[in-house]
Amino acid sequence: MPAADQCRRDRHASRTKLAINLILQNNRAALAEGIAFAESLGLDGAAFLATARRSAAYSKVMDSKGPKMLARDFSPQSHIAQTLKDAELILQEAGPHGLPLPLTSVQAGLLRAAIALQGPDNDSAAVIEAIRAGRGHSEGQS
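Sequence positions are assigned chain by chain, starting from 1 and proceeding in written order. Thresholds applied to this predicted model are a pLDDT of at least 70 for local features of residues and 80 or more for the giving and counting of side-chain atom pairs; totals over whole chains, interfaces and linings are not thresholded and use all residues. Side-chain metrics rest on all non-hydrogen atoms present in the structure, leaving aside hydrogens and water.

Looking now at the overall build of the protein. For helices the rule is a DSSP run of H or I covering at least 4 residues; for strands it is a run of E covering at least 2, with both sets numbered from the N terminus onward. The number of helices and strands found in the protein is 7 helices and 0 strands. Ordered by position from N to C terminus, the α and β elements of the protein give α-α-α-α-α-α-α. Considered along the principal axes of its C-alpha atoms, the protein spans approximately 60 × 30 × 25 Å. Only protein chains enter the accessibility calculation, which uses a 1.4 Å probe. A residue is then buried if its area is under 20% of the maximum for its type, exposed if over 50%, and partly exposed in between. Relative to its full complement of 142 residues, the protein shows a buried share of 37%. Contacts are assigned to residue pairs that have any heavy atoms within 4.5 Å of one another. When contacts within the protein are restricted to residue pairs at least 6 apart in sequence, those whose partners lie at least 24 apart make up 70%. What sets the accessible areas is the Shrake-Rupley method with a 1.4 Å probe; for residues, cover comes only from the shown protein chains. A total of about 8,100 Å² of accessible surface is found on the protein, and carbon and sulfur atoms cover 58% of it. One way to put it: in the protein the 16 positive side-chain charges average out to a point 5 Å from where the 14 negative ones average out. His residues and chain termini do not enter the charge count, which takes Lys and Arg as positive and Asp and Glu as negative. We put the charge of a Lys on NZ, of an Arg on CZ, of an Asp on CG and of a Glu on CD.

Have a look at this one:
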């Protein structure tokens, strides 16, 4: 395979990974917000998560991060600092294309707030703590 073709394939794979990470990160933040909202309404978090898993909103992130969020178990499976680095890279890549990515911008602000609250070495599920604490809203707006 010519080097130019390999380079194009590598660039395509890298960009595909960024786009998939964008979806994953926003799914994780949406789950955190849903759990925090349910808790604020007085709903049992575990019962809410079980119901959400059976709903049209289901995402595999509910299986891997939902229980961690409920238990406040932020032992790392994925480091939140790396998640923020990826979010910043996604936003950086979108800029030249004139695409503002408002959800990812807010989500990056939540990650920054969660790092300030929980530290950089915790799991990315710790994003829920920024929401529970009412932080991250203004940090994500540009």
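By volume, the second largest pocket is sized at about 230 Å³. Only protein atoms enter the calculation, which uses a 1 Å grid: trapped sets of points that fit a 1.4 Å probe without letting it out are cavities, open sets showing protein on both sides within 12 Å along at least five of seven lines are pockets, and any residue with an atom within 4 Å of a point is a lining residue. As for the second largest pocket, its lining consists of R15, L18, A19, L22, I90, E93, A94, H97, L99 and L101. Contributions of two or more residues to the lining of the second largest pocket are made by α1 (3–40) and α5 (80–94). Residue contributions to the lining of the second largest pocket peak at 4 residues, all from α1. For this classification, the nonpolar set comprises Ala, Val, Leu, Ile, Met, Phe, Trp, Tyr, Cys and Pro, the charged set comprises Asp, Glu, Lys and Arg, and every other residue, Gly included, is treated as polar. Of the residues in the lining of the second largest pocket, the class split is 7 nonpolar, 1 polar and 2 charged. Grid points are joined across faces, edges and corners, and a volume is the space filled by probe spheres set on the points.

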